[in-house]
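# Structural overview for review
Residue strings, one per chain:
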Amino acid sequence: MENKILEIRNLSKSYGKDKKAVDGLSLDVYAGDIYGFIGQNGAGKTTTLRAVTGILDFDAGEIYIDGKSVKQQPVACKAVTAYIPDNPDLYEYLTGVQYLNFIGDMFGVDKALRRERVEKYAAMFRIEGDLGSLIGAYSHGMKQKLAIIGALLHAPKLMVLDEPFVGLDPEAAFKLKQVFREMCAAGSAIFFSTHVLDVAEKLCNKIAIIKGGKLIASGDIDAVRGDESLEAVFMEVLESDAR
Amino acid sequence: MRAKWMLLTKIQLMGLLGLNRARNTSDARVRRRAVGGAVAFAVVSLLLIAYVTLFAVVFCGLGLTQAVPAAAIALTAIITFFFSLLQGGSILFALKDYDAVMSLPVSKRAVIGSRLLVSYLVNLLFCLGVMAPVTVVYFVFAGFSFAQLAVILAATLCAPLLPVVVATAIGTLLTALMAGLRIKGLLQGLFGVLFFAAIMVLSFAFSFSMQSPDAAGNMAAAVDALARYVYPPAQWVSMTLSGEAVWGIFAFVGVSVAAAALFVLAVSPFYSKINAALLNRGARVAYKAGDVKSASAFASLLGREFRRLFTSSVYLLNGVSGALLLVLGGVALLFVDAQAFIDLLRAEAETEAPYLVEFFEQNLPYMAAGLVVLFIGMSCPAASALSLEGSSRGLLFSMPVSARTILLAKAMPTFLIDGAASLFFSAVVCAKVGAGAAGWAALLSTAVIFSAFTALCGIFLNYKLPKYDWKAEANVVKSSAPVTILVLGAMAIGFLLIGLSFLGWYAVAAFNAVCIVLCVAWIAYFKGARLYAG
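A few points on the structure. Please read these numbers as outputs of a predicted model, since none were measured by experiment. (Residues numbered from 1 in each chain as written. Chains lettered and ligands numbered in written order. Predicted model: local features only at pLDDT ≥ 70, side-chain atom pairs only at ≥ 80, totals over all residues. Heavy atoms only, no water.)

## Here's the deal with the interface of chain B and chain A
In this complex, chain B contributes 35 residues to the contact, which on the side of chain A involves 31 residues. Of the roughly 3200 Å² buried between chain B and chain A on both sides combined, carbon and sulfur atoms contribute 61%. Scanning the region where chain B abuts chain A turns up two salt bridges. At the surface where chain B touches chain A, the tally comes to eight residue pairs in polar contact (both at pLDDT 80 or more). (Contact = heavy atoms within 4.5 Å. Buried area = accessible area lost by both parts, 1.4 Å probe. Salt bridge = Lys/Arg side-chain N within 4 Å of Asp/Glu carboxyl O. Polar contact = N/O pair within 3.5 Å; in protein donor to acceptor, adjacent residues only side chain to side chain.)

## Section: unusual backbone geometry
Residue and element names in this part refer to chain A. Residue Asp-66 is not a glycine yet carries a positive backbone phi of 55°. Mapping Asp-66 onto the fold places it in the loop between strand E4 (60–65) and strand E5 (68–69). With a phi angle near 45°, Ala-155 is a residue other than glycine that sits in the positive phi range. You can see Ala-155 is positioned in the loop between helix H5 (140–152) and strand E7 (158–162). (Helix = DSSP H or I, 4+ residues; strand = E, 2+ residues; numbered from the N terminus.)

## Quick notes on the sheet that holds strand E1 (residues 4–15) of chain A
The strands making up a sheet associate through hydrogen bonds between their backbones, and the pairing can be parallel or antiparallel. All names here are of chain A. Taken in spatial order, the four strands of this open sheet run E2-E1-E4-E5, and their pairing is antiparallel. Single-partner strands in this sheet number two, and they are strand E2 (19–30) and E5. Two elements, E4 and E5, share two bridges in a ladder whose sense is antiparallel. The residue of E5 that forms the bridge with Ile-65 is Lys-68. Across the face of the sheet, helix H1 (residues 45–52) comes into contact with E1, E2 and E4 while running at roughly 120° to E1. (Pairing = 2+ DSSP bridges. Axes fitted to C-alpha atoms, helices over the stretch in contact; angles between N-to-C directions.)

## Topic: the environment of B:Ala56
All names here are of chain B. If you trace the backbone, Ala-56 turns up in helix H3 (residues 28–61). Each C-alpha atom of the pair Ala-56 and Pro-160 lies 20 Å from the other, and the pair is 104 residues apart in sequence. Leave out the neighbours within four places in its chain, and Ala-56 touches Val-134 and Val-137.

## Focus: the sheet that holds strand E9 (residues 206–211) of chain A
Residues and elements named next belong to chain A. As summarised here, the arrangement of the six strands in space is E6-E7-E8-E3-E9-E10, forming an open sheet in which the pairing is mixed. Each end of this open sheet is capped by a strand with a single partner; those strands are strand E6 (81–84) and strand E10 (214–220). Strand-to-strand twist of the sheet, defined as the mean angle between neighbouring strand axes without regard to direction, takes the value 15°. The strands touched by H1 are strand E3 (34–39), E6, E7, strand E8 (189–193) and E9; relative to E7, the strand with the most contacts, the crossing angle is about 150°. Against the sheet, H5 contacts E6 and E7, and its axis sits at roughly 175° relative to E6.

Below, the structure is given as structure tokens:
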């Protein structure tokens, strides 16, 4: 039986009276899934991701992470999840290593494991020489890399990422995809939003398309796109809601 | 392993004083700024301790020894409440690290508790600066006792807690009520300003009600009333110190801690909802073609500065408090029989110090000029206008406009707001005291010139000492280096001008001339200014 890491059931979230950002969205992410979440700007992707990570309260529905309710057991859910927003706002007055130690402390990662992972991922993303510098002196890409290392520090079961490839150099993007695959092979799951359909098509085994807060299509990528390219399917979806 | 709320608290504290930045940077400018900040902090602390010691000795010398600790606690509580109120809900809500913190495996209670704790610790520093000298003076006059030391220590540690909680609760309530509204910033700001005005009016009323025929009587009445009526929990401390009731200190500690715990418990169920409404990324307003307008770059920048000011309650409240006091003072003066007050002063002076009569008659407008300077300098939006650009500063700095245009646009709201308020106050003072032409000229010119001085000095200081890496707006609008330097400096200048007012209009004219020279120098300096996103 497949191990369900993330279960979203009839998720709804409104901003104000009129604007329904997410409307009755349901999807499942299993261990080993690299699940791409695509849609236009304002379609409800970030709202969904923020609700999954417990940052945003939602009006209706349920979200379960590793079998636990985000509403009932938020801390337990967050303990096995890592979230990287589209524009990570890190503490600029901390050094890179101070930030990673803070994250390690919050997730209770023991010292030896922490050192091993920091060394491994810092070398992988080529920022080991910058960890002693203040984050304020980092470029956007370096901040993104630091946020990724922080997210990987506690070996999460579920990684939730909002546009993770924006700002990364080609090598770092390649390494990140490699990390995704390694994590999934080890039983974790990745759920991320992206506008780069080419990346989604090559990297993901499952895909969900959201439009106007509603899930238009979801499932195995081959089933969703059929004989067409993902781009063609996405453009069709924009034209028509029914698929 | 440390508790998560402690880790959150530590991370926030590391960013407050800039010490971590100074310790880990190779940039000499950052280190120099940190050293300068530490020196300024030490000087202000020493001044505070000296000032408090002086007052404590005077009160104890007047035989009010037993009332002094409770009065000091009451006073610190009021000041803490006042400044916490200026922060409003900004210590808890819409912080830039909200997403990052809330995605960590930590409960909402721990997040709220850590935010509240940081505010408490900052205020505790001030409280210790007041209570340490008061305690020493108290034991010198009353004799030392370990039991009393324990009571004062416990009271000192708890003193800022209740005011911080009550002020934050008021801020939270206002934030929660208006979170879903489009003009929430403006409404919160207006409510905050109205609340601030109400407190000022009450404090003025309280001061007047404490008037007694002699100075010592005034002081005794004020000291007694502080603990008894203004902040009753302080009276419980006094009762324990005097041996009247041991439960007093336990009640004080219990109420303070219980209030904080209750607040955290009460807010946590609504924490995400309020933040979601404040950080709302979904609600949009239908665009109308008629919204397109055109203006000059400067006018557009100025409009943007005003919108920034009026859409942030904490910025508005901290930015206009001085101007608001001037308006309130002016309105209050309209209803006060100033002539009767002057006659009363004259009658007292004629019997005790007749030489003062002529002095007051001649120099009242010039003294008022010093007062105007004091109030104008109390708040300065320009001193934080640049820092508020924060992480999005690159957008503004890449615009095809000169740095001088940007800096002057950022200084302009301060000039216009302070100028209008101080002109109103000055005109009312001149009319009420029947000032002559020299008095009118001195006061009105000071109002305009010092408003310009404050605006330009504020933006100059912010240009030299920017702080872009803030997580809460309150970090820059309330306690950043430019704001602190400007407010303390303006207060010192105001007192200096009041002191020099015996020289008559010469002093005011010389002062204004110096201000004009500095204003011109700053405007010229801004021509070569460069703004970098860094």
